[in-house]
Amino acid sequence: MDRVKTGIEGLDQLLFGGFLRGDAILVAGAPGSGKTSLGMQFLYNGITQYQEPGLFITFEEFPQRIYRDASNFGWDFRELEEQGKLKVLFTSPEVLQQDIVRDHGLVNEMIAEIGAVRVVVDSISHLHDSGQGPRGFREAVYGLVNALKRESLTSVLLRELREHEEIGSGPEEFVADGLILLTRKYVGGHHMRFLEVLKSRGSPHIAIPSLLSLGEGGIRVLPPFQEPFYRFEEAVSTGIPKLDDLLGGGIPYGSAYLVEIDADLHQDIFDAGFAKEALEAGDSFMRVAGQSDEKSRWRALMKAAGMEQMLQKGLDMGEVTLLWPGGKDDTSHHSLEALREEVGRVCGVASQRRLRIQADVSRLFSLLPPGEGYAAFSNLTALCRGVDAVVLGVVSPPTIPAEQLEKLRIAADGIIRLWTEGSYSYLQVVKTVNSARSPVYAINQVPRPPFIEIVRQ
Ligand SMILES: Nc1ncnc2c1ncn2[C@@H]1O[C@H](COP(=O)(O)OP(=O)(O)OP(=O)(O)O)[C@@H](O)[C@H]1O
Ligand SMILES: [Mg+2]
């Protein structure tokens, strides 16, 4: 798709590359929320980074103030005007509306003169005030947007929001192809700015309120998610390809990741997929702190995945260990010491193979004496670092004391969160070795591998 990049760090990411060419984008926000700055930067970046001249139409401020505000960010608008790449037009809504519909109007001539590709109107709220009432306003916006589209311009229309005024009901919101909302919120007693893409017709976008910072060089948008800093060359699959992708390739050897999962979601979402991947890759697999019918449960799971024989062979060869319980008549002594021994034994047996451990951390806490649950997890983590193994611990947060959970989170190299809100369940990667932090995805449970589908909003 032909995108018009804003060149504003973070914003293009939310827009999957930028605005669609020829679109009219409404940017609404309270006074001081950063509308004019965003408009100016859209034009400045267009000219200096993408060779796209632009027109700044203002009903609000004299050009002198625009030059001054721009220079505040280090942008020389006067110079760009002299180079014929920019025009700053100060006019009234009435004059603009009459002029723009004329074939050889002043605005059309300006557009032609500099070859304008981008335009900013600051602000269309003034069309409101030109005494024509709501219907007149709708027609005025419609007429303006159409006139700009006829000139093939990509436009950013600024719109002032009064206090407590909600966006989403005015006529201009229907006329515009895209809608961006700028808000301010108190955080720690300080006013912080946020930007949210509410609509982008015909194109995906990420609708997450993202921090907007205004400073030297203009606006920066910092989405609350982070692409992985790097992708792992060699990593263990969670059994869910899309999740592996969000993690930057999977879980790297030598690390322990924690899955926090709500009680109303099936705790075994990861079981079959994670084990299957381990066996197929020729790694050893150990399940720690399963349920009382663990062996038959695994048989059923692996049968469903067509891997029953592989499981049996693994069990026979000692490459698959189901630890606590190991079967119906399991009487093993549940202690930290026993766990350590067992992991040591498996590493000894399978020293040619690498080990993947999947632990039900909630159950580990309930099996061990009080206070030993965290020690067991941190022991597993330490062990796995020592032998380059992977631990995937699944925990249901309400089942263990809050301060223990906090310690687990700190000890874990990565955290994947799954929870239910209303009628739906969601997933988010919040911590990884390579600093990934994903957006929130909806999840859909499906009856075939990988059993969950990760759905973008
Ligand atoms: N160089 C700068 N560094 C940091 N902040 C700045 C800088 N220049 C301007 N600002 C801040 O930007 C804010 C104004 O932003 P802007 O004029 O883009 O908002 P606006 O939404 O257009 O406001 P209005 O509705 O009043 O026109 C000011 O409150 C100012 O604090
Ligand atoms: Mg302004």
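Residues numbered from 1 in each chain as written. Chains lettered and ligands numbered in written order. Predicted model: local features only at pLDDT ≥ 70, side-chain atom pairs only at ≥ 80, totals over all residues. Heavy atoms only, no water.

Summing up its helical and strand segments, the protein has 17 helices and 22 strands in all. Taking 457 residues into account, the globule formula puts the C-alpha radius of gyration at 23 Å, and the protein, at 29 Å, lies well above it. With respect to the principal axes defined by its C-alpha atoms, the protein has extents near 90 × 40 × 40 Å. Each of the 457 residues in the protein was classed as buried or not, and the buried ones make up 54%. For the protein, the computed accessible surface area is about 20,600 Å², with 50% contributed by carbon and sulfur atoms. Side chains of the protein give 47 positive and 61 negative charges; the mean places of these two sets differ by 2 Å. (Helix = DSSP H or I, 4+ residues; strand = E, 2+ residues; numbered from the N terminus. Rg over C-alpha atoms; globule rule 2.2 N^0.38 Å. Buried < 20%, exposed > 50% of the residue type's maximum accessible area, 1.4 Å probe, protein only. Areas by Shrake-Rupley, 256 points an atom, 1.4 Å probe, with all protein chains shown as cover. Lys, Arg positive; Asp, Glu negative; His and termini not counted. Charge placed at Lys NZ, Arg CZ, Asp CG, Glu CD.)

The next thing to look at is the sheet that holds strand β20 (residues 424-431). Strand order in this open sheet of 9 strands is β16-β15-β17-β18-β14-β19-β20-β21-β22, and the pairing throughout is mixed. Where the open sheet ends on each side, the last strands, each with one partner, are β16 (320-323) and β22 (452-455). Between one strand axis and the next, the sheet turns through 20 degrees on average, direction left out of account. Note: strand β15 (residues 284-288) against strand β17 (residues 355-360), 5 bridges, orientation parallel. Its bridge partner being in β17, Met286 is matched across the sheet by Ile357. Sheet contacts for helix α11 (residues 271-281): β15, β16, β17 and β18 (390-395); angle to β17, the most-contacted strand, approximately 165 degrees. In the packing of helix α16 (residues 372-387) onto the sheet, the strands contacted are β14 (256-261), β17 and β18, and the crossing angle to β18 comes to about 160 degrees. (Pairing = 2+ DSSP bridges. Axes fitted to C-alpha atoms, helices over the stretch in contact; angles between N-to-C directions. Contact = heavy atoms within 4.5 Å.)

When its domains are assigned, the protein resolves into domain 1 (3-222) and domain 2 (235-455). Distance from the C-alpha centre of domain 1 to the C-alpha centre of domain 2: 49 Å. (Domains from an automatic or database assignment.)

This part covers the pattern of salt bridges. This model, assessed by the stated rule, comprises 21 salt bridges. In this structure, the salt-bridge partner of Asp99 is Arg102, at a minimum N-O distance of 3.7 Å. Here Asp271 and Arg287 are joined by a salt bridge, their closest N and O atoms 3.8 Å apart. Residue Asp271 is located in helix α11, and its partner Arg287 is located in strand β15; the two are separated by 16 residues in the primary sequence. Each of Asp2, Arg21, Glu52 and Arg118 takes part in one network of salt bridges that share partners. (Salt bridge = Lys/Arg side-chain N within 4 Å of Asp/Glu carboxyl O.)

Let's shift gears to the site of ligand 1. Near ligand 1 there are 15 residues, and of these Gly32, Gly34, Lys35, Thr36 and Ser37 occur at the shortest range. The contact in question runs from an oxygen atom of ligand 1 to an N or O atom on the backbone of Gly34, over 3.0 Å. In this structure, a nitrogen atom belonging to ligand 1 sits 3.3 Å away from a side-chain N or O atom of Asn72. Out of a free accessible area of 640 Å², ligand 1 has 67% covered by protein chains. Elements with a contribution of two residues or more to the shell around ligand 1: α2 (35-50) and β10 (210-215). Grouping the constituent residues of the shell around ligand 1 by class yields 4 nonpolar, 7 polar and 4 charged. (Near = heavy atom within 4 Å. Polar contact = N/O pair within 3.5 Å; in protein donor to acceptor, adjacent residues only side chain to side chain. Nonpolar A, V, L, I, M, F, W, Y, C, P; charged D, E, K, R; others polar.)

Every buried residue of helix α12 (residues 294-304) is accounted for by Glu294, Arg297, Trp298, Leu301 and Met302. Along the axis of α12, the buried residues cluster in a sector spanning 125 degrees; they form a single face. Exposed residues on α12 whose side chains face more than 90 degrees from its buried face are Lys303 and Ala304. Summarising the contacts, the buried residues of α12 are in contact with α11, β15, α13 (308-317), β16 and β17. Downstream of α12 by one or two residues, Gly306 has phi in the positive range, about 70 degrees. (Arc of directions from axis to C-beta.)

Residues Leu311, Gly314 and Leu315 constitute the buried set of α13. All buried residues of α13 project into a common sector of 100 degrees when viewed along the axis, lining one side. Opposite its buried face, α13 presents the exposed residues Gln309, Lys313 and Asp316, each directed more than 90 degrees away. Where the residues of α13 are buried, they touch α11, α12 and β16. Looking one or two residues beyond α13, the residue adopting positive phi is Gly318, at roughly 80 degrees.

Our focus in this paragraph is the sheet that holds strand β7 (residues 154-160). What the 9 strands build is an open sheet, ordered β5-β4-β6-β7-β3-β8-β9-β10-β11; its pairing is mixed. Since the sheet does not close on itself, it has two edges, and those belong to β5 (86-90) and β11 (218-222), each with one partner. Strand-to-strand twist of the sheet, defined as the mean angle between neighbouring strand axes without regard to direction, takes the value 25 degrees. Pairing of strand β4 (residues 54-58) with β5, which is carried by 5 bridges, proceeds in the parallel orientation. Residue pairing in the sheet places Ile57 in a bridge with Leu89 of β5. Contacts from α2 reach β3 (24-29), β4, β5, β6 (118-122), β7, β8 (178-187), β9 (190-200), β10 and β11, with the element oriented near 165 degrees to β6. Helix α6 (residues 106-114) contacts β4 and β5 of the sheet and is inclined by roughly 165 degrees relative to β5.

Leu243, Leu418 and Leu427 are the most contacted members of the largest nonpolar core, which totals 40 residues. No other element matches α11, which puts 5 residues into this core. Once residues lying within four places of it in the same chain are set aside, the contact partners of Leu243 are Thr238, Phe270, Ile416, Leu427, Val429 and Ile454. Ranked by size, the runner-up nonpolar core spans 37 residues in total, among them Leu80, Leu195, Ile206 and Val221. (Core = buried A, V, L, I, M, F, W, Y, C linked by side-chain atoms within 4.5 Å.)

Moving on, we come to a nonpolar patch on the surface. Residues Phe229, Tyr230 and Val433 make up a contiguous nonpolar surface patch of about 310 Å² in total accessible area. Positionally, Phe229 belongs in the loop between β11 and β12 (235-236). The exposure class assigned to Phe229 is exposed, which follows from its relative accessible area of 56%. (Patch = residues over 30% accessible without salt bridge, like charges linked within 9 Å, V, L, I, M, F, W, Y side chains within 5 Å.)

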